[in-house]
Amino acid sequence: MTSVGQPISRVDGPLKVTGKARYSADHPVDGALHAVLVCSTVGRGSVTRISDTQAVHHPGVVRVLTDFGGVKLPFDPRQVAFFGQPLAVVVADSLEAAAHGAALVDVTYSDATGLTDIDAPNAQPQPGQSVKDYARGDADAALKSAEVVTDMQYTIARNHHNPMELPSTTASWDGDQLTVWDKVQGIKIAQESLATALGVPVDNVRVISPFVGGAFGSAGRTWPHQMLAAYTARRMGRPVKLTLTRRQMYGGIGYRPTSRQRLAIGSDRAGHITAIVHEARTETSRYQVYDDNVVALPRYQYASPNLRSTYRVVPLDVNMPTYMRGPGFTPGAFALESAMDDLAHRLALDPIELRIRNEPSRNESDAKPFSTRRLVDCLHQGAATFGWAHRNPEPRSTRDGANLIGMGMAAAGYHTGRRECQALARINADGTAEVQSATSDMGPGTYTSMTQVAADALGLPITKVQFTLGDSRLPAAPIHAGSQTMASVGSAVLTAGNMLRDRFIRTAVTDPGSPLNGLRPEDVTVADGRMAARNAPGRGETYQDLLRRRGWPSLDSQQTWNPADVDTRYSLSAYGAVFAEVAVDELLGLVRIRRMYALFDVGSVVNPKLAHSQAIGGMVGGIGMAVLEGSQIDHRDGRVVNANMSDYLVPVNADVPALDAAFLPAQDMIADPLGVKGLGEIVIVGVPAAIANAVFNATGKRITELPITIEHLL
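Residues numbered from 1 in each chain as written. Predicted model: local features only at pLDDT ≥ 70, side-chain atom pairs only at ≥ 80, totals over all residues. Heavy atoms only, no water.

Identification of the chain as Carbon monoxyde dehydrogenase (Large chain), CoxL_1 from Mycolicibacterium brisbanense is taken from an unreviewed UniProt entry.

Quick look at the structure:
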């Protein structure tokens, strides 16, 4: 029986549930000092004085660093660019001493007026750095002449990351060699970023990150605290451990930027779209631009001969935004799918039927054929499973006691990413296999899924295979983000495993001492670590037999996989349909999710148990974005008022009563040799829109702002 496709439990599960999995802050390093950041309490200005007198005299404090001249930060450390910017580092022999010492540092500022509000009259939008404007046909003229039009503005609050594991870095120097134990999604990215920041060769930096306690994009970049931890360790000549507090995390790492979107759709009375206009802008920092590509999905999800799409960033005095699960696509889908629902209501047409009538035959934004696209199957089969036929299309028509009941749906899409990746496979003389790649595992189950792929490629049971990740000394892998790990790393593991198996077979058939000598390689099969003649299973030998006879301790193969030019010839994406039922207390304005179901087209599913877990997690995140999460900003200085787990609301068990998800049986062999399309991002993309559309069906009030609060419904 093959391992791929089986619901195998996490191979690293025992380490996690017994507390033996070491996260970034858990690594013991002899002689380590503790560092705590002193961060700015104004949003813009310059530092005129830093008084560390009380801090340096506090018991346990070793030094206070205020000169960052030996590290290249993304901003000028002499100027305050945002609230929460690191200004000093207090180093002590205990965490408690460092934290109290940081509280004793007094900073004096020359204040300047900052701008932190995207809606302020003097906030100036400018073209994005990587996202360009796009048009086909004459969308404005077509919209003006359309028989039916929806044209609304959509607002989404800033969403901050809140993984359970706080960002933590331990840095240690040995001469000019740096080792960091860190929380990262991109091992090689972190290695290169630290080398650049500290002015050392890349090969002098080693990054170790075997476990990540949730990240969702927040560990996809190398942040200032990581650079400062390494810098401080070099200055002190001793290892240093630096962990951000929960409050510091809100200014220390990125977030999903607040967005403003106008999305207009025009159609004829039969529901055929004739025009789409999408104008979007998102906040960014002044010192470094982040594009959140909210315009990508509306450009190709539905057929429209006329489309105009523009994107702008608004530089503000804030810290840099970053990726957050379903980056760009989730806020873009909220506007698009809400507009589609509104158009369907104006047409008195079922929302699913409207989508089907506008199903494109190719990607109209680049004229490429789809590698695979089964969105219509997701819509049909998902609706049947959910019970969509029982929905009353008339808003405010269904009640359960004091609650208004509504059903809503949304389609989803997310591009299939793949990048070049390397992997090493080795079989040892004892019959065990080691497979390695410098990827990461922030929770989706990389250890397990790669073990499954390797086991099948090598013809071994999974109990004989150990997959190693999280170390920059391993073969290079791309960032663990963008739903590309299974396609990229998995394909490299598959290639390395296949090549190693083939190497064993070719060695055996040319070895006079092997029972397989003289056979053609294609006439040899491998199962449970034993090579055998296809037509005479009794004739064969194990990997161990061959290695023992040849006197070899092991045999290995390191391979590189890349997607070649597929992206220049095909449009590749995962798709899905999300269905939600909500209850709205009309008197209190409270929204409760009653149940949700989603069906996804993600290609092959390597591990159904892990995939289902990913889907449920993404749907929970979507619930948070829809009805709970929103960063409250004091625009006088840019501070996040609710920068804690008490006031920044995230879903808990009571908010998530009944969720389920499934996957169409499918493969996309154009995308990669595993046939996968990625599922980590797609599973959140349609969720906020589906919930908002369900609220409209329940109340008759169109939701154009997230999160949905009581004020929207009273």
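Having seen the structure, we can now continue with the description.
I'm lost on the overall build of the chain in this one. Help?
The secondary structure content of the chain amounts to 18 helices and 33 strands. Against the 2.2 N^0.38 benchmark of 27 Å for 714 residues, the chain shows a C-alpha radius of gyration of 27 Å, consistent with a compact globule. Along the longest, intermediate and shortest principal axes, the C-alpha atoms of the chain span 80 × 70 × 50 Å. Looking at the chain residue by residue over its 714 residues, the buried ones come to 60%. For the chain, the accessible area works out to roughly 26,900 Å², and carbon and sulfur atoms hold 50% of it. Here the chain contributes 68 positive and 71 negative side-chain charges, whose respective centroids are spaced 2 Å apart. (Helix = DSSP H or I, 4+ residues; strand = E, 2+ residues; numbered from the N terminus. Rg over C-alpha atoms; globule rule 2.2 N^0.38 Å. Buried < 20%, exposed > 50% of the residue type's maximum accessible area, 1.4 Å probe, protein only. Areas by Shrake-Rupley, 256 points an atom, 1.4 Å probe, with all protein chains shown as cover. Lys, Arg positive; Asp, Glu negative; His and termini not counted. Charge placed at Lys NZ, Arg CZ, Asp CG, Glu CD.)

Sorry if this is basic, but what is going on with unusual backbone geometry here?
Both trends apply: most residues other than glycine have a negative phi, and most peptide bonds are in trans. Leu706 connects to Pro707 through a cis peptide bond whose omega is 0°. Within the secondary structure, Pro707 sits in the loop between strand S33 (705–706) and helix H18 (710–713). One non-glycine residue, Asp528, lies in the positive phi region at around 50°. Mapped onto the fold, Asp528 is located in the loop between strand S24 (524–527) and strand S25 (530–533). Even without a glycine there, the phi angle at Ala564 is positive, about 55°. Its place among the elements puts Ala564 in the loop between strand S27 (554–561) and helix H14 (566–569).

For this particular structure, what's the right way to read the pattern of salt bridges?
Note that side chains of opposite charge can pair when their charged atoms are close. With the rule as written, the count across this model stands at 43 salt bridges. Glu337 is paired through a salt bridge with Arg355; the nearest N and O atoms lie 2.7 Å apart. In this pair, Glu337 sits in helix H8 (residues 329–347) while Arg355 sits in helix H9 (residues 351–357), placing the two residues 18 residues apart along the sequence. Judged by its relative accessible area of 0%, Glu337 is buried. (Salt bridge = Lys/Arg side-chain N within 4 Å of Asp/Glu carboxyl O.)

Honestly, the layout of surface pockets in this entry has me stumped. Any pointers?
Over the atoms, a rolling probe the size of a water molecule traces out where space has been left empty. What the second largest pocket holds in volume is close to 770 Å³. Lining the second largest pocket are 37 residues, with Leu628, Gly630, Gln632, Pro707 and Thr709 positioned closest to its centre. Residue assignment for the lining of the second largest pocket shows that the elements contributing at least two residues are strand S9 (148–156), strand S29 (590–601), S33 and H18. Take the lining of the second largest pocket: its biggest share by element is four residues, from S29. (1 Å grid on protein atoms, 1.4 Å probe; cavity = no way out; pocket = protein on both sides within 12 Å on 5 of 7 lines; lining within 4 Å. Points joined across faces, edges and corners; volume = space filled by probe spheres on them.)

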